[in-house]
Structure formats: structure tokens, C-alpha cells
Amino acid sequence: MQVNKYRPLIVAFCCNWCSYAGADLAGNNRLNYPADVKIIRVPCSCRVNPSFVLRAFQRGADGVIICGCHPGDCHYTSGNYYTRRRMALLFSMLDYLGIERERTRLEWVSAAEGAKFAATMNDFAEQVAALGENKRLEDLRCKR
Amino acid sequence: MQKINRDVLIDRAISLLNSGQVSSVLGWRQGEFFYDVTPAVFTDENDIRENFVWNDFCGANFSKYLVSKTKASDGKILVFLKPCDTYSFNQLLTEHRFDREKVYVIGIPCEGMVDTGKLKAQVGDGLVSAQSTEEGLLVTTLYSDEPVNVDIKSVLAERCINCKSKKHVAYDELLGDEGQIEDSDRFDEVARIEAMSPDERFAFWQGELSRCIRCNACRDVCPACTCEKCVFDNPVSGVENKAPVNSFEEKMFHIIRAFHVAGRCTDCGECSRVCPQNIPLHLLNRKFIKDINGFYGEYQAGECVGSRAPLVDYNLEDLEASDVFEGRDTQ
């Protein structure tokens, strides 16, 4: 039996109208994705304030992924376009401060793409696990 | 040495005040020492004659003061704006932060302002006075018998060495000649940091940001930070006004501060000027400006009133967040 094997903690912000349903579909189809992924449902990917991402890292996340509707498919017409600009700038800024760029990702997953959801999460979890624990944006007060 | 003499400014201020066109004047007043020139509101002619200051130490950007001063005053306010200040002025008008009708703007040319820290590093502490000469400053200190000649270029503030524009983008009246938008090297330092390895970058910013004492001066002085209720004053935000207890809070504060003004920052450089710990905060803002220029096309906040900031706008063909690092292989 393996004891204390490192498992990354991943926070996934999923849009209620697409990726969250995509995750559901992945489950219904019995597609595996790591249990390390903790999903937070948001009404739109645009709801994700950049400080949410930082806050997730503070509370112990090793990777943060934001999933939204494909460009053009937003339930609110244009939310994901704003997300795209915001997150591009945020990810670039985190990289500028020396935070590993593999810890963050923005992905478009529709409600019909259960397979893509599972594949994305598997890939992202592997990528974050390879980096190891998040040391650069950790808050020691929030250590488990 | 500034092109426009103090007397010219005083004459204009007094004549506008006496004719009743303006009811108060926003200008600079000497602080405890000659180099800590502070913003002040003048309403009296004699006060202006005695205490109005205009020299190489008048760094303060008055745009932000207009937000509260126009609310408090019924009459017009006369304000002196340097070229970089007029960008902030336009940006605030874009955001409907004050009534343009209540302000009378006199544009004044600027030859760059002195960074007191650099001056002290060069001639030592105990500055007594500085006389502007053609090439620089004649500085007297407590500890030297002779006045020291200082080359102005060696003590100019970083934002002035890399001045982005000597052109006024807003004014009612211009003293001196119309300037030009300049070619500056302001993104060179950002590019230098980008070229570092992630470990070096992390060490660099850890070193800079760990000096932060959370005095909030950068937020208070920033002409783009004009929210009446600020997230950093919220006691449940976890980053309210207190010294950062660990490295996470430093980064959280500075990333969020820079993000809140991203796309609206005119790069006036006030944040770095007021930082008591000399943290190069403008490098965070400039990173956002550089990225915005690169990703979404050249954009200068405050260049014209009413322009749409990049973060409240979008384009169907914007680049994907995953493509941000394309062509950057410092990993």
C-alpha cells in the first residue's frame, strides 16, 4: 500500500451552462477523471474574479483551471470573451512573478463534451502533479 | 530646470482668482523640507505669492484630487497639469469621476522631476537647498561646505527618464509650447525581467515585494484607484489594511492592485514615486500595459476621453489564454 503519495489539489471553476454539465456527462458516461479535481460551479466563467484564482492558491490549491463555454456559445452572450482577456493577463502576470505557468489553465468545454472534460482534467492533473506542491503562492496559515 | 518660471504660474493663478473665474487653485506648497513639495489648495492671493512652489520637485499628479475637490467646491478649480497628469485627467473624465465644467486646466510643460532618493544617494543626507541651474541642481547639504553640482539626468525619476509624452492631451490654456509624444524605452525593464528564468523572476519579486509595509500609499495616490469603497478596506477580504503577514499577502495585494487598474493605468508612475520602500511598482503596471499592447493592440489609457478600456471590451478573434506564452520560452 502506498502511503502519503502526493496528490495535487486542483480547483476547477466550471460554468453552470456548459462545463459543469460536461462534468456531469463525463460521470454519466463512466469516464474517469481524477478525484483531486474539486469543482466549483459558477454562473459563468466571467464570474471568476482574478482574486478567486489567487484565493484558491492561498487555500492550498496546486492548480487552478477555469472552464467556460466555447467562444460564441456564452449563455450571457459575451461573458467568456471577457474571461479570456482577464485570464490571459492574469496568467501572464503570474508568470511574470515567477509562478509556474503550468498551474493555471483556461479551457473551453461544452455541455456535450464529457470526453473532453475528462481528458482535460486528466491532462491538467498530470501536469500539476509533475510540478509538485504549490510553494510559491502558498499561505502557511492555510496549511492543512 | 523647468521651462516655465514660477512667476508666470503665480500671475496666471492670481489673475484668474481675482477675476472670479476660479474660486480656488490646486497647486504645490512646500513641505517641511524643500524637497517634499506637497499638493495644496490656495484661495488667497497672498498665500499664493508666498507659498506657491514650482520647481524640479513638483512630482504630484493633481488629477485625483479633482474628484474630491470638485465635489466640495461650488466654484471652478484652477489646476496645473503636467503632460503625464493630463492622461490621468482624461481617464478620470472617461470614468465620469468629476465634472469637467468645474475645472479650469492650465497645461504646463515639464522637463522631468527629481527623484529625491536618487539625489540623496548621490550627495548624502541633510539636504538644505537646491538651486536649479541650466544643467542641473546646485545642492547644499548640512555636511558639505561647498554646494555640489548635480547633473539633472542622473537624478531624474525613472518615469521621467522614460517619459512617454510631453504632449498635453487636455487643457483649457497652455503655457509654453505644445510638446510631442515621445519614443520611450519604458518597457525595456519589463522585457529584462521577462527574459529571466522563473526562479530568478520569483526571487526578484520576492525581494521587492517583501519590503512592502502595506501603507497603501500606492493605492491612495493612484489616479486610477478612485473607488469610494476599496476591497483593501474590507475587513473580511483577508488583505485589509495591515502589514502583510506573509509572502502570499504581499503578492495578493500587489497583483490585485495592479489588476484593478489594468487597462486604465496611464503609467503616470505615481505609485513608485510615493512608495516609501522604493518598490518598483510601475513594473507591475507596465507589464499589464505591455501585454495589452501586445495582445489586443496598442492602447494608451487617457489619450482621449471616452475610449473603451481593453478589459471592458473584447474581440471575437482575441488570442486564447493558452497562447499567451507563445514565443516566450524562458521556462
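Residues numbered from 1 in each chain as written. Chains lettered and ligands numbered in written order. Predicted model: local features only at pLDDT ≥ 70, side-chain atom pairs only at ≥ 80, totals over all residues.

Chemist: Whenever I open this one, the overall build of chain A confuses me. Can you help?
Modeler: Helix and strand counts for chain A stand at four helices and four strands. Taken from N to C terminus, the helices and strands of chain A fall in the order β-α-β-α-β-α-β-α. When the backbone C-alpha atoms are referred to their principal axes, chain A occupies close to 40 × 40 × 20 Å. When the 144 residues of chain A are sorted by exposure, 56% land in the buried category. (Helix = DSSP H or I, 4+ residues; strand = E, 2+ residues; numbered from the N terminus. Buried ≥ 20, exposed ≤ 12 C-beta atoms within 10 Å, placed from the backbone.)

Chemist: Before we go on, may I ask you to explain the sheet that holds strand β5 (residues 127–132) of chain B in this structure?
Modeler: Within a sheet, each strand pairs with its neighbour through backbone hydrogen bonds, oriented either parallel or antiparallel. All names here are of chain B. Overall, antiparallel pairing links the three strands, which are arranged β5-β6-β7 in an open sheet. In the strand order of this sheet, the two ends are held by β5 and β7 (148–151), each with one partner. On average, each strand axis in the sheet is inclined to that of its neighbour by 30 degrees, with strand direction left out of account. Where strand β6 (residues 136–141) meets β7, four bridges bridge the pair, whose relative direction is antiparallel. Residue pairing for β7: Gly-136 is matched across the bridge by Asp-151. (Pairing = 2+ DSSP bridges. Axes fitted to C-alpha atoms, helices over the stretch in contact; angles between N-to-C directions.)

Chemist: Any chance you could explain the nonpolar core here in plain terms?
Modeler: The biggest cluster of nonpolar side chains holds 125 residues, and the ones touching the most others in it are A:Ile10, A:Cys15 and B:Val79. By residue number, the principal contributor to this core is helix α3 (residues 79–96) of chain A, which donates eight residues. In this structure, A:Ile10 is in contact with A:Asp36, A:Val37, A:Lys38, A:Ala61, A:Asp62, A:Gly63, A:Ile65, A:Phe124, A:Ala125 and A:Val128, ignoring residues within four places of it in sequence. (Core = buried A, V, L, I, M, F, W, Y, C linked by C-beta atoms within 7 Å. Contact = placed C-beta atoms within 7 Å.)

Chemist: What is the right way to look at unusual backbone geometry in this model?
Modeler: Trans peptide bonds make up most of the peptide bonds, and negative phi angles are found at most residues other than glycine. A positive phi angle, close to 75 degrees, is found at A:Thr77, a residue other than glycine. Mapped onto the elements of the fold, A:Thr77 is located in the loop between β3 (63–68) and α3. With phi around 65 degrees, B:Asn216 is a residue other than glycine that occupies positive phi space. Tracing the sequence through the fold places B:Asn216 in the loop between α9 (198–209) and α10 (217–221).

Chemist: Explain the interface of chain B and chain A here, please?
Modeler: In many analyses, interface size is given as the accessible surface area lost on bringing the parts together. Taken residue by residue, the interface counts 30 residues in chain B and 30 residues in chain A. Ranked by residue count, the leading element in the side of chain B that touches chain A is helix α11 (residues 247–260) of chain B, at six residues. Looking at the side of chain B that touches chain A, its residues break down into 20 nonpolar, two polar and eight charged. (Nonpolar A, V, L, I, M, F, W, Y, C, P; charged D, E, K, R; others polar.)

Chemist: Is there a simple way to explain the pairing of β5(B) in this structure?
Modeler: Working note: regular strand, side chains alternate between the two faces of the sheet. Residue and element names in this part refer to chain B. The pairing of β5 with β6 spans five bridges and is antiparallel. Bridging from a neighbouring strand, Ser-132 pairs with Leu-137 of β6. Remark: three residues form the turn of the hairpin made by β5 and β6, two consecutive strands paired antiparallel.

Chemist: How should I be thinking about the domain arrangement of chain B in this particular structure?
Modeler: All names here are of chain B. When the domains of chain B are assigned, the result is domain 1 (1–113 + 160–184), domain 2 (116–155) and domain 3 (185–331). Computed from C-alpha coordinates alone, the two centres of domain 1 and domain 2 are separated by 25 Å. With six residues of domain 1 in contact, the opposing surface of domain 2 contributes eight residues. Here the side of domain 1 that touches domain 2 is built from residues that sort into four nonpolar, one polar and one charged. (Domains from an automatic or database assignment.)

Chemist: Teacher, can you tell me more about the packing of α3(A) against helix α13 (residues 282–296) of chain B here?
Modeler: Two quantities define a packed helix pair, namely the angle between the helix axes and the distance between the axes. The contact between α3(A) and α13(B) brings their axes to 10 Å, and the two run at 130 degrees. With respect to each other, α3(A) and α13(B) are oriented oblique. With respect to the hand of their crossing, α3(A) and α13(B) are arranged in right-handed fashion. Contacts between α3(A) and α13(B) pair A:Ala88, A:Leu89, A:Ser92, A:Met93 and A:Tyr96 from the former with B:Lys287, B:Phe288, B:Asp291 and B:Phe295 from the latter. Of the residues belonging to the contact of α3(A) with α13(B), the class tally is six nonpolar, one polar and two charged. (Parallel < 35°, antiparallel > 145°, perpendicular 65-115°, else oblique. Left-handed = near helix turned anticlockwise from the far one by under 90°.)

Chemist: Where do I start with the pairing of β3(A) in this structure?
Modeler: Residues and elements named next belong to chain A. Where burial is concerned, most of β3 is hidden: six out of the six residues are buried. In terms of strand pairing, strand β1 (residues 10–15) meets β3 through five bridges, oriented parallel. Residue pairing in the sheet places Ile-10 in a bridge with Gly-63 of β3. In this sheet, strand β4 (residues 104–108) lies alongside β3 in parallel orientation, the contact comprising five bridges. Bridging across to β4, Cys-67 finds its partner in Glu-107.

Chemist: Quick question: what am I supposed to make of the environment of A:Gln58 here?
Modeler: Its place among the elements puts A:Gln58 in helix α2 (residues 50–58). Among residues more than four places away in sequence, those in contact with A:Gln58 are A:Leu137, A:Asp139, A:Cys142, B:Phe248 and B:Met252.

Chemist: So what exactly am I meant to see when it comes to the packing of helix α3 (residues 63–72) of chain B against helix α4 (residues 83–94) of chain B here?
Modeler: Residue and element names in this part refer to chain B. Direction vectors running N to C along α3 and α4 enclose 45 degrees, while the axes themselves pass 8 Å from each other. Judged by the angle between their axes, α3 and α4 are oblique. Contacts between α3 and α4 involve Ser-63, Leu-66 and Val-67 from the former and Asp-85, Ser-88, Phe-89 and Leu-92 from the latter. Along the lines of polarity and charge, the residues of the contact of α3 with α4 split into four nonpolar, two polar and one charged.

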